[in-house]
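Fold and contact review
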Amino acid sequence: MIVALQIVPLYYLTFAGYVVASLLLNKIGITEHLLNLKSAAPYLLTFNFEYTPAEMSGIMGHAWTLGIEEKFYILWPVLLVVLGRRHIVLLASATAIILLLIWLKDFSTFLVRGYLGLGFGAVAAYLAKKRGDIRVALGWKHLGIIAVIASLIIYVLSLTSPNNFLWNIG
């Protein structure tokens, strides 16, 4: 609830700013922004921008991450409360929901990066809390060094070959 109070008012204020800017651009004869905003508005107003058609991606393009986050903030706590200690059922349910959300839009790298990234992190944190052996493995002092090196390699690969999907999931 608190997250919604932090994000939602500023999000809608930003949306209102886009509306005003589009109306002003429309007054000086640039109608493209207003038309695109009208098409994108249903997605934007319902935090579903990650499902918009590609031609609308320029209007508040950053909003796709907020849609994924808002769904995460709603679904993850519900899964934890409803499924409790049933680890396998929790993991299977989280995976099924993530795959369903991706499948609804066919295939989008934004969806894969967003949903799988949050889902993987949430499940990893959950398992680390519940299982001592995973906590011990994550506490291995060299793991951080390996993670930093792997991140740097992926970053360099994404710069040298930006169209390769595998480099851009990180």
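Owing to the predicted nature of the structure, the values given are computational and were not obtained by experimental measurement. (Residues numbered from 1 in each chain as written. Predicted model: local features only at pLDDT ≥ 70, side-chain atom pairs only at ≥ 80, totals over all residues. Heavy atoms only, no water.)

1. Some points on empty space enclosed by the protein
Inspection of the entire model under this criterion finds 1 cavity of 30 Å³ or more. Quantified by volume, the largest cavity comes out at close to 160 Å³. Elements with a contribution of two residues or more to the lining of the largest cavity: α3 (63–83), α4 (87–103) and α5 (109–130). Class assignment of the residues belonging to the lining of the largest cavity gives a composition of 11 nonpolar, 2 polar and 1 charged. (1 Å grid on protein atoms, 1.4 Å probe; cavity = no way out; pocket = protein on both sides within 12 Å on 5 of 7 lines; lining within 4 Å. Points joined across faces, edges and corners; volume = space filled by probe spheres on them. Helix = DSSP H or I, 4+ residues; strand = E, 2+ residues; numbered from the N terminus. Nonpolar A, V, L, I, M, F, W, Y, C, P; charged D, E, K, R; others polar.)

2. Here we look at the confidence of the model for the protein
On average, the protein scores 76 in pLDDT, and the residues at 70 or more come to 79%. Mean pLDDT per element in the protein: α4 is the minimum at 71, and helix α1 (residues 2–27) is the maximum at 82. (pLDDT = per-residue confidence, 0-100.)

3. Considerations on the nonpolar core
In this structure, Y11, F15, L44, F49, M60, A63 and Y115 are the most contacted members of the largest nonpolar core, which totals 19 residues. Where this core is concerned, the elements lending two or more residues are α1, α2 (32–45), α3 and α5. By size, the runner-up hydrophobic cluster in this structure holds 7 residues, among which are W76, L79, A94 and Y126. (Core = buried A, V, L, I, M, F, W, Y, C linked by side-chain atoms within 4.5 Å. Buried < 20%, exposed > 50% of the residue type's maximum accessible area, 1.4 Å probe, protein only.)

4. What about a nonpolar patch on the surface?
Taken together, V78, V81 and V82 make up a surface patch of nonpolar side chains, about 300 Å² in accessible area. You can see V82 is positioned in helix α3. (Patch = residues over 30% accessible without salt bridge, like charges linked within 9 Å, V, L, I, M, F, W, Y side chains within 5 Å. Areas by Shrake-Rupley, 256 points an atom, 1.4 Å probe, with all protein chains shown as cover. Salt bridge = Lys/Arg side-chain N within 4 Å of Asp/Glu carboxyl O.)

5. Focus on the side chain of K71
With respect to the helices, strands and loops of the structure, K71 is situated in helix α3. Contacts of K71, omitting those with residues within four sequence positions, involve F47, N48, E50, Y51 and Y115. (Contact = heavy atoms within 4.5 Å.)

6. Some remarks on the packing of aromatic side chains
According to the stated counting rule, one finds 4 aromatic pairs in the structure shown. An angle of 25° between the planes, with centres 4.3 Å apart, marks the rings of Y11 and F47 as stacked. With a gap of 36 residues between them, Y11 in helix α1 and F47 in the loop between α2 and α3 connect regions that are remote in the sequence. Residue classification places Y11 among the buried residues on the basis of a relative accessible area of 4%. Grouped by ring-pair contacts, the aromatic residues Y11, Y12 and F47 constitute a single cluster. (Phe/Tyr/Trp six-rings, centres within 6.5 Å; stacked < 30°, edge-to-face > 60°.)

7. Quick look at the side chain of S22
With respect to the helices and strands, S22 occurs in helix α1. Those residues in contact with S22 that lie beyond four places of it in its chain are H33, L34 and L37.

8. Focus: the environment of L118
With respect to the helices and strands, L118 occurs in helix α5. Owing to a relative accessible area of 28%, L118 belongs among the partly exposed residues under this scheme. Taking the C-alpha atoms as reference, L118 lies 8.6 Å from I68; in sequence the two are 50 residues apart. Among all residues touching L118, those that are not within four sequence positions of it are I68, E69 and F72.

9. Notes on unusual backbone geometry
A positive phi angle, close to 55°, is found at F47, a residue other than glycine. For F47, a relative accessible area of 10% translates into the label buried.

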